[in-house]
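Structure assessment
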Amino acid sequence: MNRPYTLVNVAMSADGKLDSVARKGTTISSTLDKARVDRLRASMDAVLVGGRTLLDEDPKLTVKSKALREERLANGLEENPVKVGIVSQADLKLAGNFLTVGPARRLVYTTQRTTPDQIARLENAGAQVFVLGEEQVDISAVLESLYDLGIRKLMVEGGGSLIAEFFRLNLVDELTIYIAPFIFGGGSAPTLADGPGFLREQAPRLRLGAADEFDDDGGVFIHYMVIRKE
Ligand SMILES: NC(=O)c1ccc[n+]([C@@H]2O[C@H](COP(=O)([O-])OP(=O)(O)OC[C@H]3O[C@@H](n4cnc5c(N)ncnc54)[C@H](OP(=O)(O)O)[C@@H]3O)[C@@H](O)[C@H]2O)c1
């Protein structure tokens, strides 16, 4: 299967939570980490988020630094990477950040749960919409589609359910994590990989690339390579 090279990036608490139990998109990254994520985003062809993150938080997913956007343009790239949403029922805010903040190409991968009327509204708002699945989006088919659209480097920015599915399907090449020095706890708070979980023998294996302390708030940055399963 042809697919983009795929990096997952998250910020989490020291106990592995991507958010607090409030699930309101709590800030976890330090200032230095935000700048790192911006540079990483600027190096990508596309950035992707899952449905709950998309619908509840409506992220912009654009490159924040003007200098980095200008660098992309100077290199013959679009100002921002392609924005990709994976959402079972694509009830997006038409005036929201994902659809309006750019310039950026916007792709929405959804299922038959999205009505033709919703699809038409998204297309009128400038998004390209792909129906790949009945109840949940077929992630392998999404990656093949992205490859066909010319995407070679993809960054997955969460949340925990979607990341779990990428790992389950063996579709992750790299993982970068910023670990903030605090504890969120809470059994219902999202973690780096939710979903049904892996038993020890099936657990995706990682090889450490780098681990650095960020001196602005005492957090730690970790870079892993995913060991490919045959
Ligand atoms: N700290 C960070 O770096 C970071 C980054 C991003 C998000 N977050 C946090 O993560 C939380 C959201 O994570 P989440 O796990 O609840 O949601 P999510 O991963 O953002 O989205 C999952 C949803 O996507 C839809 N989906 C469609 N096809 C799917 C598939 N094949 N596999 C998995 N999901 C599929 C499902 O919607 P249906 O259930 O409707 O089918 C599913 O509930 C928020 O609190 C957000 O703030 C943190």
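That block above? That's the structure.
Here goes a summary of the coordinates provided. Remember, predicted model here, so these are calculated numbers, not experimental data. (Residues numbered from 1 in each chain as written. Predicted model: local features only at pLDDT ≥ 70, side-chain atom pairs only at ≥ 80, totals over all residues. Heavy atoms only, no water.)

Points about helix α3 (residues 66–74)
- All buried positions along α3 are accounted for by L68, R69 and R72. Axial view of α3: buried residues confined to an arc of 100°, hence all on one face. Exposed and facing more than 90 degrees away from the buried side of α3 are K66, A67 and A74.
- Sitting at the amino-terminal end of α3 is S65, which places a side-chain oxygen 3.3 Å from the backbone nitrogen of A67.
- Two residues or fewer after α3 comes G76, characterised by a positive phi angle close to 80°. (Buried < 20%, exposed > 50% of the residue type's maximum accessible area, 1.4 Å probe, protein only. Helix = DSSP H or I, 4+ residues; strand = E, 2+ residues; numbered from the N terminus. Arc of directions from axis to C-beta. Polar contact = N/O pair within 3.5 Å; in protein donor to acceptor, adjacent residues only side chain to side chain.)

Some thoughts on the packing of aromatic side chains
- Evaluation of the coordinates by the stated rule reveals four aromatic pairs.
- Measuring from centroid to centroid gives 4.7 Å for Y109 and F130, while their planes differ by 15°, and the two rings are stacked. Taken together, the residues Y109 in strand β4 (residues 106–110) and F130 in strand β5 (residues 128–131) connect sequence positions 21 residues apart.
- Residues F182 and F184 carry aromatic rings whose centres are separated by 5.2 Å and whose planes lie at 50° to one another, so their mutual orientation is tilted.
- Owing to a relative accessible area of 24%, F184 belongs among the partly exposed residues under this scheme.
- An aromatic cluster is defined as three or more aromatic residues linked by ring pairs; in this entry it consists of Y178, F214 and F221.
- The ring of F98 carries the charged tip of K83 above its face, separated from the ring centre by 5.6 Å.
- We note R152 situated over the ring of Y147; from NZ or CZ to the ring centre the distance is 3.6 Å. (Phe/Tyr/Trp six-rings, centres within 6.5 Å; stacked < 30°, edge-to-face > 60°. Lys NZ or Arg CZ within 6 Å of the ring centre and 35° of its normal.)

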